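Results of the structural survey
Each chain, letter by letter, is given below.
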Amino acid sequence: MKKLIFIIFVLFLFSQCRNDETVFFSSFSNEEKLIGKPIDWVANNKAMDFFIIDSLLLIADDADEFYISIYDLNRKQLLCKLFRKGKGPNELFYQPWLVCEAPQGVATDKIIVDDRGREERYILDIKGSILAKEPIITKKYHIPSLFIGGHYVNDSIVIKSFSDENGYTLKYYNLENSHEVDNPNHLNYIENKFIKKYGWSAKMTKIIPSPDKKYLVGLFYHHKRLNLYSHEGKLLKIFQDKKSYGTMFSQSIQSARDLDKLPILFSNCLLSEDYMIVICENRLSRETGLTSLYVFDYLGNPLYKYDLDRHIFSECFFDWSSSTLYAFDIYNFEIVSYYLDGLKRKN
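Residues numbered from 1 in each chain as written. Predicted model: local features only at pLDDT ≥ 70, side-chain atom pairs only at ≥ 80, totals over all residues. Heavy atoms only, no water.

A separate point is the nonpolar core. With 33 residues, the main nonpolar core has F50, I70 and I111 as its most contacted residues. Put simply, the parts of the chain that give this core at least two residues each are strand 4 (47-53), strand 5 (56-61), strand 6 (66-72), strand 7 (77-85), strand 10 (110-115), strand 11 (120-125), helix 2 (126-132) and strand 26 (324-329). (Core = buried A, V, L, I, M, F, W, Y, C linked by side-chain atoms within 4.5 Å. Buried < 20%, exposed > 50% of the residue type's maximum accessible area, 1.4 Å probe, protein only. Helix = DSSP H or I, 4+ residues; strand = E, 2+ residues; numbered from the N terminus.)

Okay, here's the thing in structure tokens:
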């Protein structure tokens, strides 16, 4: 009887010590090497952002006279250029931010463009702009610089993450009345033993909402690690490389002065309602490396690992309808595409 009680007690302690929120990964169900296909019919040199709507490819380019170029994917030709550099009408004096989602009720032929210089958010009529050869803006909102690039929660509220000494906070801004929403959402973003061991480098760098607004995905720039939250900010799961907390270094990095010692790992995440495509750069700071794509579902299952033939810029775009990734090779100054065979949207 005493032996049975002891066994039950040990099992109870074990269950209390387990972290059921952590999902470890070390390999993927499918692994493949991909060769990028240069898109030689696009004449951009510094493509910093992409967006696809129907059969149109939009590129935000800082090296061109105009900030936005629109191409026909089927005919492989330039249709128009919008927003000349400058401070006059229909001009921008900073590169715009393409928001890859629109609020409900906005037609699918519209996109959202954030003007960092004037602190405004535009609803841009794409078809009208192509016909007019100039930006046709159907609506403007004021949006402070802190919320530029923020994601929609609903038709009028955008959300963005901010960091402080206590972790991460989700803040909300109402576009209709131009006021920040009270009661920000504080995230318990990291467990104590992780930040105690790795210090400054253990901070999350980006939090991205899923398209269906069910989840928030937190990225760690210097660790192979993801935090999955409910949209209300409750930590649901941690996805972590099984080796050494998902990092390539062992010493504690407490200051930005140690930047040269840091690896660049999970730099961005492209989300659908089914999959997470994580951009893993696999390099040390100020060095180059070959980028990989890690694909998970929201249960934490490691599904695919695609090893690319080059280093791509993290702000890339995945066209779920054609299973094609569009990215910018910042060293060869060309746009490339990758077909991710087998990765199809379920819905």
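By the element assignment, S267 lies in strand 21 (residues 263-271). Side chain to side chain, S267 and E281 meet in a polar contact 2.9 Å long. The contact partners of S267, leaving out residues within four places of it in the chain, are K206, L219, Y221, I279, E281 and S314. (Polar contact = N/O pair within 3.5 Å; in protein donor to acceptor, adjacent residues only side chain to side chain. Contact = heavy atoms within 4.5 Å.)

This next bit is on unusual backbone geometry. Negative phi characterises most residues that are not glycine, and trans characterises most peptide bonds. Even without being a glycine, N282 presents a positive backbone phi close to 55 degrees. As for its placement among the helices and strands, N282 is situated in strand 22 (residues 275-284). Using a relative accessible area of 24% as the deciding quantity, one classes N282 as partly exposed. Unlike most non-glycine residues, S323 shows phi in positive territory, near 55 degrees.

The description of two aromatic rings rests on the distance between their centres and on the angle between their planes. One pass over the full model with this rule turns up 17 aromatic pairs. Through a chain of ring-to-ring contacts, three or more aromatic side chains come together here, namely F25, F28, F239, F266, Y294 and F296. Its end group placed over the ring of W97, K160 keeps NZ or CZ at 5.9 Å from the ring centre. A cation sits over an aromatic face here: R225 above F220, 5.6 Å from the ring centre. (Phe/Tyr/Trp six-rings, centres within 6.5 Å; stacked < 30°, edge-to-face > 60°. Lys NZ or Arg CZ within 6 Å of the ring centre and 35° of its normal.)

Under the definition given, this model contains twelve salt bridges. Of the charged contacts, one joins R310 and D309 as a salt bridge, the two residues approaching to 3.5 Å between their closest N and O atoms. Accessibility expressed as a relative area gives 12% for R310, which makes it buried. Each of D309, R310, D329 and E334 takes part in salt bridges that share partners, so that together they form one network. (Salt bridge = Lys/Arg side-chain N within 4 Å of Asp/Glu carboxyl O.)

The next thing to look at is the sheet that holds strand 22. The five strands lie next to each other as 2-24-23-22-21, forming an open sheet whose pairing is mixed. The open sheet is flanked by strand 2 (30-34) and strand 21, the only strands paired with a single partner. When the angles between neighbouring strand axes are averaged without regard to direction, this sheet yields 20 degrees. (Pairing = 2+ DSSP bridges. Axes fitted to C-alpha atoms, helices over the stretch in contact; angles between N-to-C directions.)

Before going further, it helps to examine the environment of Y94. Here Y94 lies in the loop between strand 8 (91-92) and strand 9 (97-99). Relative accessible area serves as the criterion here: at 45%, Y94 is assigned to the partly exposed category. Y94 has contacts with Y67, R116 and G117, leaving out every residue within four places of it along the chain.

Extensive coverage of strand 24 (residues 302-308) is indicated by the burial of six of its seven residues. Relative to strand 24, strand 2 runs parallel, the two being bridged by five bridges. In the sheet register, N30 faces strand 24, and the bridge partner there is Y304. Relative to strand 24, strand 23 (residues 292-297) is paired through five bridges, and the arrangement is antiparallel. Residue pairing for strand 24: F296 is matched across the bridge by P302. Here strand 23 folds back onto strand 24, and the loop between the two strands holds four residues, one of which, G300, carries a positive phi near 100 degrees.

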